[in-house]
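Descriptive structure summary
For reference, the chains in residue letters:
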Amino acid sequence: MESLFTTTWTSIALMAITALGIYISVILLTRISGKRSFSKMSSFDFAMTVAVGSIIATTILSSTVNLTEGVFGLVIVYFLQISIALARRNKFIENIVDNTPLLLMDGEKILDYNLRKARVSESDLRSKLREANVTQLSQVRAVIFETTGDISVLHSQEDQPIDLWLMKDVDRV
C-alpha cells in the first residue's frame, strides 16, 4: 500500500519533461493536420481522438514508453488521420469511414423509423426545432441528422422547394 504513494523527484521530473514534450507534439501535429482532429467527429475521428489520448496518457505515466516512442506513436496516428482524410475523396472510402446524413423530417412529417435508426428522440427533435427558431411545423422543409451527429433544420416561411444539391447525399430510407 505504501508503494502507491512513493515516488522520486527524478520520476516526477521525467514525467514533467515527457508531459511537456508530448503536449508540444500534440499541438504541432494538430496544427499540421488541421482542426478536424478534434472538431465534430465521425466514427474514425472519434477513434483517432481516443488513440491520441491513450498515447498521451501512456507516454506521460508509463515508465516503459519514452518520449520518442510517444511522439512516434502520435505521428503514426496523425499520419493515418491525414491519409483517411485524403482517401475520403474516394466515394467508396467515404462510405466506409463516414455515416450517411439521414432525413428525420420531410416537411412537417416526422420519419419515426429514421428517428429510431439515428437514436434521436422526439424531445431531442423538438429541442433542435426550437433551437432553429421554428415556431410552426409548416416552416420546416427538412430536418437532417448529419454525419457529425449534428441535426440541421432547413426551413423557410415560403413554399420554396429545397435545392436538390443540398439533399444529394441524404439517406431518406
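Everything in this summary refers to the structure shown in the same document. (Residues numbered from 1 in each chain as written. Predicted model: local features only at pLDDT ≥ 70, side-chain atom pairs only at ≥ 80, totals over all residues. Heavy atoms only, no water.)

1. A few points about the pattern of salt bridges
Stated formally: Just to be clear on terms, a salt bridge is a Lys or Arg side-chain nitrogen sitting within 4 Å of an Asp or Glu carboxyl oxygen. Secondary structure counts use DSSP, requiring at least four H or I residues in a row for a helix and at least two E residues in a row for a strand, with both numbered from the N terminus. When a residue's accessible area, from a 1.4 Å probe over protein chains only, is under 20% of the maximum for its type it is buried; when over 50% it is exposed; and in between it is partly exposed.
For the structure on display, the rule yields five salt bridges. Across the pair R126 and E122 runs a salt bridge whose closest N-O atoms are separated by 3.7 Å. Of this pair, R126 and E122 both sit in helix α6 (residues 122-131), four residues apart, which is roughly one turn of that helix. Owing to a relative accessible area of 43%, R126 belongs among the partly exposed residues under this scheme. Among the ionic contacts, a cluster of salt bridges with common partners joins K91, E94 and D169.

2. Some details on unusual backbone geometry
One non-glycine residue, R119, lies in the positive phi region at around 55 degrees. With respect to the helices, strands and loops of the structure, R119 is situated in the loop between α5 (112-118) and α6. The class for R119 is exposed, based on a relative accessible area of 76%. With a phi angle near 60 degrees, N133 is a residue other than glycine that sits in the positive phi range.

3. Re the pairing of strand β1 (residues 102-106)
For the record, the criterion: Strands are labelled as partners when DSSP assigns at least two bridges between them.
Counting buried residues along β1, four of its five residues qualify, which places the element largely inside the surrounding structure. As defined by bridge partners, β1 adjoins strand β3 (residues 140-145) across four bridges and the pair is classed as antiparallel. Within β3, the position partnered with L103 by the bridge is I144. The hairpin turn running from β1 into strand β2 (residues 109-110), its antiparallel successor, is two residues long, and G107 in that turn takes a positive phi close to 65 degrees.

Read these as geometric descriptors, not functional statements.
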